[in-house]
Amino acid sequence: MSLNHVRPWRNIYRRKSRQIMVGDVAIGGDAPIAVQTMTNTLTTDVAATVAQVQAAAEAGADIVRVSVPDEASSKALKEIVRESPVPIVADIHFHYKRGIEAAEAGAACLRINPGNIGDEKRVQEVIKAARDHNCSIRIGVNAGSLEKHLLEKYGEPCPKAMVESGLEHIRILEDNDFHNFKISVKASDVFLSAAAYQGIAEATDAPIHLGITEAGGLVSGTIKSAIGLGNLLWMGIGDTIRVSLSADPVEEVKVGYEILKSLGLRHRGVNIISCPSCARQGFDVIKTVEALEQRLEHIKTPMSLSIIGCVVNGPGEALMTDVGFTGGGAGSGMVYLAGKASHKMSNDQMIDHIVEQVEKKAAELDAAAEAAE
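Focus on the overall build of the protein chain
Next, step 1: The helix and strand inventory of the protein chain stands at twelve helices and 15 strands.
Next, step 2: For the protein chain, whose C-alpha radius of gyration is 23 Å, the value lies close to the compact-globule estimate of 21 Å for 373 residues.
Next, step 3: Expressed along its principal axes, the backbone C-alpha trace of the protein chain runs to roughly 75 × 40 × 40 Å.
Next, step 4: Evaluated residue by residue, the protein chain yields a buried proportion of 52% over its 373 residues.
Next, step 5: Across the protein chain, every contact between residues at least 6 apart in sequence was considered, and the portion connecting residues at least 24 apart equals 62%.
Next, step 6: Only carbon and sulfur atoms are counted for the fraction: they give 52% of the accessible area of the protein chain, which is about 17100 Å².
Next, step 7: When the 38 positive and 47 negative side-chain charges of the protein chain are each reduced to one mean point, those points stand 2 Å apart.

In C-alpha cells form, the structure reads like this:
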C-alpha cells in the first residue's frame, strides 16, 4: 500500500490478495509489486538465454519468463534455472508435457494458457507436477487464444469471456486442492484488458499478473502499457507486472519500474525530474539528461535528481529532490543539495559534478539504511 498522510490525494489502496511464492519472490498480499520480463533468445541456446536473464536481473527484474516450446528447451531449462539469479517462469503452450518437464527442471512457476493447454485431465497432470516440485502456476488467459466454446458463446473476445475463462481454470486448480497460483487476463486492446482485469479482481482473491499483451514497439508499447497498467495499478489492482515490448527485455524492465515509480509503488535508482527545455534554458537540457541517464544507470539506491534549464521552476523543483541543478545563465548554474541552494557550477563541468554528487548522496542513503537495520 502506498500511503501519504501529508498528501492523501497520492494514496493508492491495493486490492487485498492472498500471497503465493514464485521461487523466493513473494507475490500478492503486502509484497512489493514484482517486475517481470521474458527472454527472446532460443531457449536451447543456453549461453545466450542466461546472458539475457542476467542482464534483465541487473536491470531490476524480479522474475524472468522463458519459453519452453519443445523437449530440447525443457532440457536446456534445467541449466538455465541453475545459472539464473532470479526465479524462472516456464512459458507453456499447447504441450502439457512441457509443463511437467519444466516443473521437473526446476522452474519456479508454470505459465499455462487455458485456451490451448488441453482438457482437464491434462491440466491435472500439470498440477501434480507443480505440486510435486513446489512450483506455482500462472493462469494466463489471452484474448487472442480464448477457448472455442467461449468464442461461440460470446461471439468475440470480451471481458466476460476472459473472466469466465479464468474462473473455469481456477475451478480446476481449486478442485484439485491447488491454490499456489496467480492469474492474468491479457489483451492487446487497452480497454478490453482493463475491463477484464477489473472483472477478475472482483471475482477472486488470487494474485494478479498485469500486462497489455503485444503492446508494440518501444515508444508505442510503452505508452499503451503506461495507460493500461498505470490505471489498473492506480486502482490498486496488480501484484506483478510485465511490459510487453518489441524491444530488448531490459527495456521492458526499465519501463515497468518507471510506471511503478511514477505511482510511488516501487522505487529503484535515480528518478530524474527534468524540463522539456525552451529558449530560456541556460544549458542543453536534453543532451545533459541523456548523458546522466547513462552515467547513473549503476545507481540502485532510490533517490531524486532535478535537472531544470532555468529559474522559472528550477528552484521549486530542487526543493523536492535530493540533488538538483538549475540553469542560471552566464555559463553556470546552481547546485542544490537536499533541497537547498549549495554552490554554483560551470556548465562544462556540471555532468561530472552531478554524477559525483549523486553517487555521494546514494552512499549516504545506503549507510543510513544499513544503520537503521
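Resuming the write-up.
Here we look at the sheet that holds strand β15 (residues 340–346)
Next, step 1: Taken together, five strands build an open sheet; the order of strands is β11-β12-β13-β14-β15 and the sheet is mixed. If you trace the sheet from one side to the other, it starts and ends with β11 (270–274) and β15, each paired once. Ignoring strand direction, the axes of neighbouring strands in this sheet form an average angle of 20°.
Next, step 2: Where β11 and strand β12 (residues 303–308) come together, five bridges link them in parallel fashion. Bridge pairing links Asn 271 to Ser 304 in β12.
Next, step 3: Across the face of the sheet, helix α10 (residues 285–295) comes into contact with β11 and β12 while running at roughly 155° to β12.

A look at the packing of α10 against helix α12 (residues 350–372)
Next, step 1: The contact between α10 and α12 brings their axes to 10 Å, and the two run at 40°. As judged from the angle between their axes, α10 and α12 are oblique. In terms of crossing hand, the pair formed by α10 and α12 is right-handed. Residues Thr 288, Ala 291, Leu 292 and Arg 295 of α10 form the contact with α12, whose own contacting residues are Met 350, Ile 351, Asp 352, Ile 354 and Val 355.
Next, step 2: When the residues that make up the contact of α10 with α12 are grouped by side-chain class, the tally is six nonpolar, one polar and two charged.

What about the packing of aromatic side chains?
Next, step 1: Scanning all chains against the criterion turns up one aromatic pair.
Next, step 2: Plain terms: the ring middles of Phe 283 and Phe 325 are 5.3 Å apart, the flat faces sit at 75° to each other, and that makes the pair edge-to-face. Residue Phe 283 is located in the loop between β11 and α10, and its partner Phe 325 is located in strand β13 (residues 323–327); the two are separated by 42 residues in the primary sequence. By the burial criterion, Phe 283 is buried, and Phe 325 matches it.
Next, step 3: Between Arg 18 and the ring centre of Phe 181, over which it is positioned, the NZ or CZ distance is 4.5 Å.

Structural notes on the side chain of Ser 332
Next, step 1: Note on placement: Ser 332 falls in strand β14 (residues 332–337).
Next, step 2: For Ser 332, the contacting residues outside a window of four places in its chain are Gly 327, Lys 344, Met 345, Ser 346 and Asn 347.

A closer look at α12
Residues spaced three or four apart along an α-helix point in a common direction, a consequence of the helix completing one turn every 3.6 residues.
Next, step 1: Here α12 spans 33 Å end to end across 23 residues, near enough to the 33 Å set by a 1.5 Å rise per residue.
Next, step 2: All buried positions along α12 are accounted for by Met 350, His 353, Ile 354, Val 355, Gln 357, Val 358, Lys 361 and Ala 362.
Next, step 3: If you follow the buried residues of α12, they end up packed against β11, α10, β12, β13, β14 and β15.

Some points on the side chain of Gln 357
Next, step 1: Locating Gln 357 in the fold gives a position in helix α12.
Next, step 2: Those residues in contact with Gln 357 that sit more than four places away from it in its chain are Val 323 and Leu 337.

Here's the deal with the nonpolar core
Next, step 1: Counting residues in each nonpolar core, the largest one holds 78 residues, and the members touching the most others are Leu 77, Leu 110, Ile 137, Met 162, Leu 210 and Leu 233.
Next, step 2: Those residues in contact with Leu 210 that sit more than four places away from it in its chain are Lys 186, Tyr 197, Leu 229, Leu 232, Leu 233, Ile 237, Gly 238, Thr 240, Ile 241 and Arg 242.
Next, step 3: In terms of nonpolar packing, the next biggest core, distinct from the first, is built from 19 residues, Phe 283, Leu 296, Met 345 and Met 350 among them.

Description of the packing of helix α2 (residues 71–83) against helix α3 (residues 96–105)
Two numbers describe a pair of packed helices, the interaxial angle and the distance between the axes.
Next, step 1: Following both chains from N to C, one finds α2 and α3 inclined at 20°, their axes separated by 8 Å at the closest point. In this view, α2 runs roughly parallel relative to α3, as classed from their interaxial angle. Crossing handedness for the pair α2 and α3: right-handed. Taking contact as the criterion, the partners of Glu 71, Ser 74, Leu 77, Lys 78 and Val 81 in α2 are, on α3, Arg 98, Glu 101, Ala 102 and Ala 105.

About the thresholds
Think of each chain on its own: its residues are numbered from 1, step by step along the sequence as written. Totals for whole chains, interfaces and linings use all residues, but because this is a predicted model, local features are given only for residues with pLDDT of at least 70 and pairs of side-chain atoms are given and counted only at 80 or more. Side-chain numbers here rest on the full set of heavy atoms in the structure, without hydrogens or water. In DSSP terms, a helix is any run of H or I states spanning at least four residues, a strand is any run of E spanning at least two, and both are numbered starting from the N terminus. Only the C-alpha atoms count toward the radius of gyration. The rule for a globule is 2.2 Å times the residue count to the power 0.38. The rule is simple: take the accessible area with a 1.4 Å probe, protein chains only, and divide by the maximum for that residue type; under 20% is buried, over 50% is exposed, in between is partly exposed. We call two residues in contact when some of their heavy atoms are within 4.5 Å. Under the convention used here, a 1.4 Å probe and the Shrake-Rupley method define accessible areas, while residue burial counts only the protein chains that appear. This count recognises Lys and Arg as positive and Asp and Glu as negative, with His and chain-terminal groups excluded. Charge coordinates come from a single atom per side chain, which is NZ of Lys, CZ of Arg, CG of Asp or CD of Glu. By the convention used here, strands pair only if DSSP detects at least 2 bridges between them. Note on definitions: angles span 0 to 180 degrees between N-to-C directions of axes, and those axes are lines fitted to C-alpha atoms, for helices only across the stretch in contact. Angle categories: roughly parallel below 35 degrees, roughly antiparallel above 145, roughly perpendicular from 65 to 115, and oblique for all the rest. Crossing handedness follows the turn of the near helix against the far one: under a right angle anticlockwise gives a left-handed crossing, and clockwise gives a right-handed one. Three classes are used: nonpolar for Ala, Val, Leu, Ile, Met, Phe, Trp, Tyr, Cys and Pro, charged for Asp, Glu, Lys and Arg, and polar for all others, with Gly counted as polar. To pair, rings of Phe, Tyr and Trp, with the six-membered ring standing in for Trp, must have centres within 6.5 Å; the planes then decide the type, stacked if under 30 degrees apart, edge-to-face if over 60, and tilted in the middle. By definition, being over a ring means that NZ of Lys or CZ of Arg is both within 6 Å of the ring centre and within 35 degrees of the ring normal. By this rule, a helix spans an expected 1.5 Å times one less than how many residues it contains. Take the buried residues of types Ala, Val, Leu, Ile, Met, Phe, Trp, Tyr and Cys, join any two whose side-chain atoms come within 4.5 Å, and each joined set is a nonpolar core.

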